[in-house]
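Descriptive analysis of the structure
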Amino acid sequence: MANEEDDPVVQEIKPKQQKVELEMAIDTLNPNYCRSKGEQIALNVDGACADETSTYSSKLMDKQTFCSSQTTSNTSRYAAALYRQGELHLTPLHGILQLRPSFSYLDKADAKHREREAANEAGDSSQDEAEDDVKQITVRFSRPESEQARQRRVQSYEFLQKKHAEEPWVHLHYYGLRDSRSEHERQYLLCPGSSGVENTELVKSPSEYLMMLMPPSQEEEKDKPVAPSNVLSMAQLRTLPLADQIKILMKNVKVMPFANLMSLLGPSIDSVAVLRGIQKVAMLVQGNWVVKSDILYPKDSSSPHSGVPAEVLCRGRDFVMWKFTQSRWVVRKEVATVTKLCAEDVKDFLEHMAVVRINKGWEFILPYDGEFIKKHPDVVQRQHMLWTGIQAKLEKVYNLVKETMPKKPDAQSGPAGLVSGDQRIQVAKTKAQQNHALLERELQRRKEQLRAPAVPPGVRIKEEPVSEEGEEDDEQEAEEEEPMDTSPSGLHSKLANGLPPGRAAGTDSFNGHPPPGCASTPVARELRAFVEATFQRQFVLTLSELKRLFNLHLASLPPGHTLFSGISDRMLQDTVLAAGCKQILVPFPPQTAASPDEQKVFALWESGDMSDQHRQVLLEIFSKNYRVRRNMIQSRLTQECGEDLSKQEVDKVLKDCCVSYGGMWYLKGTVQS
């Protein structure tokens, strides 16, 4: 600048090396000032007697000290900007200080308090001593201080604090914003008027000038304060990929409605992409999303309370989540009894997704989100399939009694509450009327099919009016000839795979089969492909395990796939038999705890490899025996095949079809531990 020669530097402050303190007066006459509090602080700091060393000579807290702190070590990227008359004037900064209130007077008040306590104790002890008591005093002379000791003393914290306290205060004059002196100093922030020819540095491109103004710095990352690992600002979060954003949010929040998640991600995010990403890290519980257990408990982690491995923790937390899919309430004692985990681990599970209610138990933390359930039925059904697979796994691991399990697990059951007897009767009547209407429509459809004869083209049939009595007779005859299956087992067969009756449109009314001649439909082809691929990987499967694998397969399919049209147990079994498999009638013991689906065992009879004959002999053995010893299997294989089989060949056949337990061999899925 042109005026720099006329404005010599009087004093230079280096903020990187020095500490600056600023003492400012407090307006004690302001109505917002609490005088009693100010007197109390002054009394605590200086005591009752005021002298030259007093911090507050007016016996009132009338001043406040501000102490500087270094904000950043690299100030070359910062500038002070002033916008005036369409021009932006930038002044580089060489130092930045941040002033914060200093509370050193509180330390002085504590020191005064300790001195008074020490004086009181000394006064009490001196009363017990005689006034003429003589004590021996040892006098020591200090040795000359070495240069090394002096340097250590000069660099010590106490010496620096003492030197800082002895530094005299410099009185400053404050000039207001509208003062002429302030206006004069502000002019130094403006570049003097000049033509564009002299500004040779501004002939660069905007990107080059921006690089000159804000050069990349490696020190900024080092000087950046380290935040806790679980703290992430929304600005930093939105720089990550969408999948990482969803994972981080769910891991921190644990439970969240879909609407809240969309509001956090921003209005520009596609809801379909969010739905696809949320299903990878969370499960649907009562219309809300709960983070998956393996996200919170990675593979190699363990419990901080009991040291239990992550696999056991995930299984226990999945049980808690599954319980909340059945009811709004969960009892902690029941969870601890089933999972065999310590009380601290169970409490952590429940605190993730529930709140405790006195004398009631733990209630799910969020209300039932019926709006999401109605808006996304495909996602709800897919999550229901996943919960069905998890339920089967939990039943097997925790040996849950069948009678204690819900008969119709509904993964997205509505909010539970107290229901009176009259309400139960009304609900039952409503359901009965709905079922009656469905049965009436089905009966009418079947009658129309029976009445429709095959009429050759060009032939006209004379239509005659039918009386109401005739219609009633026809209905009565149809009912006598074709009785409807309204038993609980018949209705349950429609829901064997968790599908409502309305989803089986276009199929047989009893078991959901397609009508005869429809074996080449896309649904049948897709189901046949799944069955063949599954039995190529696992040669022996129970119906229960096959249904579990099928539900997992459905959960992996995109919404709207043809297999979502409705597959019953009967259709699944027929497809298995049509794919070259046979049902093995294993003679289970009378006291077995296996369910009917677990007692239905299917095996691939021919796979096209060299071991087909060996597997067939093995399956015939298990059609007459529930469990067999290895030597019996080997001798029977040798007898039937006419050759001595090697140990490797026998091991392969056993591995394909059997499991060993307690020295005995069982078909896969039939062993009862």
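Throughout what follows, the structure given in this document is the object of discussion. (Residues numbered from 1 in each chain as written. Predicted model: local features only at pLDDT ≥ 70, side-chain atom pairs only at ≥ 80, totals over all residues. Heavy atoms only, no water.)

Notes on the overall build of the chain
The secondary structure content of the chain amounts to 27 helices and 16 strands. Per-residue burial over the chain gives 29% buried out of 673 residues. Of the contacts made within the chain by residues no fewer than 6 positions apart, 66% connect residues no fewer than 24 positions apart. For the chain, the computed accessible surface area is about 46,000 Å², with 53% contributed by carbon and sulfur atoms. (Helix = DSSP H or I, 4+ residues; strand = E, 2+ residues; numbered from the N terminus. Buried < 20%, exposed > 50% of the residue type's maximum accessible area, 1.4 Å probe, protein only. Contact = heavy atoms within 4.5 Å. Areas by Shrake-Rupley, 256 points an atom, 1.4 Å probe, with all protein chains shown as cover.)

Here's the deal with the environment of L619
As for its placement among the helices and strands, L619 is situated in helix α25 (residues 612-622). Through-space distance from the C-alpha of L619 to that of V586 is 9.2 Å; in sequence the pair is 33 residues apart. Setting aside its immediate chain neighbours within four residues, L619 contacts V540, I584, A603, W605 and L667.

Focus: the packing of α25 against helix α26 (residues 630-641)
Axis separation between α25 and α26 bottoms out at 10 Å; the angle between their running directions is 125°. As summarised for this structure, α25 and α26 are arranged oblique, according to the angle between their axes. Judged by the sense of rotation from one axis to the other, the crossing of α25 with α26 is right-handed. Listed contacts from α26 to Q613, H614, V617, L618, E620, I621 and F622 of α25 are I633, R636, L637, E640 and C641. A breakdown of the residues in the contact of α25 with α26 according to their chemical character gives 7 nonpolar, 2 polar and 3 charged. (Axes fitted to C-alpha atoms, helices over the stretch in contact; angles between N-to-C directions. Parallel < 35°, antiparallel > 145°, perpendicular 65-115°, else oblique. Left-handed = near helix turned anticlockwise from the far one by under 90°. Nonpolar A, V, L, I, M, F, W, Y, C, P; charged D, E, K, R; others polar.)

Quick notes on the sheet that holds strand β14 (residues 601-604)
Pairing is antiparallel across the open sheet formed by 3 strands, whose spatial order is β12-β14-β13. Here the strands that pair on one side only, and so sit at the sheet edges, are β12 (540-542) and β13 (581-584). Sheet twist, expressed as the mean angle between neighbouring strand axes with direction ignored, is 30°. As paired elements, β13 and β14 share 4 bridges and run antiparallel to each other. Looking at β14, one finds that I584 is bridged to V601. (Pairing = 2+ DSSP bridges.)

Looking at the nonpolar core
Ranked by size, the top nonpolar core spans 53 residues in total, and within it M250, I278, W289 and F324 carry the most contacts. Here M250 is in contact with M256, I278, V281, A282, W289, V290 and V291, once residues within four sequence places are set aside. By size, the runner-up hydrophobic cluster in this structure holds 52 residues, among which are M385, F539, V617 and I621. (Core = buried A, V, L, I, M, F, W, Y, C linked by side-chain atoms within 4.5 Å.)

A short note on a nonpolar patch on the surface
Taken together, Y83, L88, L90, Y209, L210, M212, L213 and M214 make up a surface patch of nonpolar side chains, about 780 Å² in accessible area. Broken down by secondary-structure element, the contributors of at least two residues to the nonpolar patch are β4 (87-92) and α6 (206-213). Sort the elements by how many residues they give to the nonpolar patch and α6 lands first, with 4 residues. Tracing the backbone shows M214 in the loop between α6 and α7 (219-223). (Patch = residues over 30% accessible without salt bridge, like charges linked within 9 Å, V, L, I, M, F, W, Y side chains within 5 Å. Salt bridge = Lys/Arg side-chain N within 4 Å of Asp/Glu carboxyl O.)

Describing the packing of aromatic side chains
Counted by the stated rule, this structure contains 9 aromatic pairs. Each ring, one from W289 and one from F372, has its centre 5.9 Å from the other, and the planes form 80°; the classification is edge-to-face. One end of the pair, W289, is in strand β8 (residues 288-291); the other, F372, is in helix α16 (residues 370-375), and 83 residues separate them in sequence. Here W289 matches F372 in class, with each residue buried. Members of the aromatic cluster, each reached through a chain of ring pairs, are F258, W289 and F372. The ring of W605 carries the charged tip of K582 above its face, separated from the ring centre by 4.2 Å. (Phe/Tyr/Trp six-rings, centres within 6.5 Å; stacked < 30°, edge-to-face > 60°. Lys NZ or Arg CZ within 6 Å of the ring centre and 35° of its normal.)

So, the packing of helix α10 (residues 258-265) against helix α11 (residues 271-281)
Close contact between α10 and α11 brings their axes to 11 Å; oriented N to C, the two are set at 115°. Both α10 and α11 take part in a crossing whose hand is right-handed. On α11, the residues that touch F258, L261, M262 and L265 of α10 are S271, V274, L275 and I278. Classifying every residue of the contact of α10 with α11 by side-chain character gives 7 nonpolar, 1 polar and no charged.

What to know about the pairing of strand β7 (residues 282-285)
Along β7, one buried face is formed by A282 and L284 and the opposite face, lined by M283 and V285, is buried too. Bridge count between β7 and β8: 4 bridges; the pairing is antiparallel. Residue pairing across strands places M283 opposite V290, the latter belonging to β8. Between the antiparallel neighbours β7 and β8 lie 2 residues, among them Q286 with a positive phi of about 55°.

So, the pattern of salt bridges
Under the counting rule described, the total for this entry stands at 19 salt bridges. Note that R186 is salt-bridged to E183, the shortest N-O span being 2.4 Å. On the criterion of helical spacing, the pair formed by R186 and E183 is a turn pair, its members being 3 residues apart in helix α5 (residues 180-186). The class for R186 is partly exposed, based on a relative accessible area of 21%. With a relative accessible area of 32%, E183 lands in the partly exposed category. Three or more residues are tied together by salt bridges with common partners; here these are D612, R615, K652 and D656.

Digging into the side chain of T670
Here T670 is to be found in the segment after β16 (664-667). Looking at T670, the relative accessible area reads 0%, which means it is buried. Within polar-contact distance, the side chain of T670 engages the backbone oxygen of L667 at 2.6 Å. In contact with T670, other than residues within four places in its own chain, are F588, V601 and Y626. (Polar contact = N/O pair within 3.5 Å; in protein donor to acceptor, adjacent residues only side chain to side chain.)

Description of the environment of L106
Mapped onto the elements of the fold, L106 is located in helix α2 (residues 104-126). Through-space distance from the C-alpha of L106 to that of I41 is 8.5 Å; in sequence the pair is 65 residues apart.

With respect to unusual backbone geometry
Of note in the backbone geometry, Q286 takes a positive phi value of approximately 55° without being a glycine. Here Q286 is to be found in the loop between β7 and β8. The exposure class of Q286 is buried, given its relative accessible area of 1%. The phi dihedral of N359 falls on the positive side, at around 60°, and the residue is not glycine. Topologically, N359 is positioned in the loop between β10 (354-357) and β11 (361-364).

Observations concerning the pairing of strand β15 (residues 658-661)
Across 4 bridges, the pairing between β15 and β16 is antiparallel. Paired with C658 across the two strands is L667, which belongs to β16. Hairpin geometry of β15 and β16 is characterised by an intervening segment of 2 residues between the two adjacent antiparallel strands and by a positive phi of about 65° at G662.

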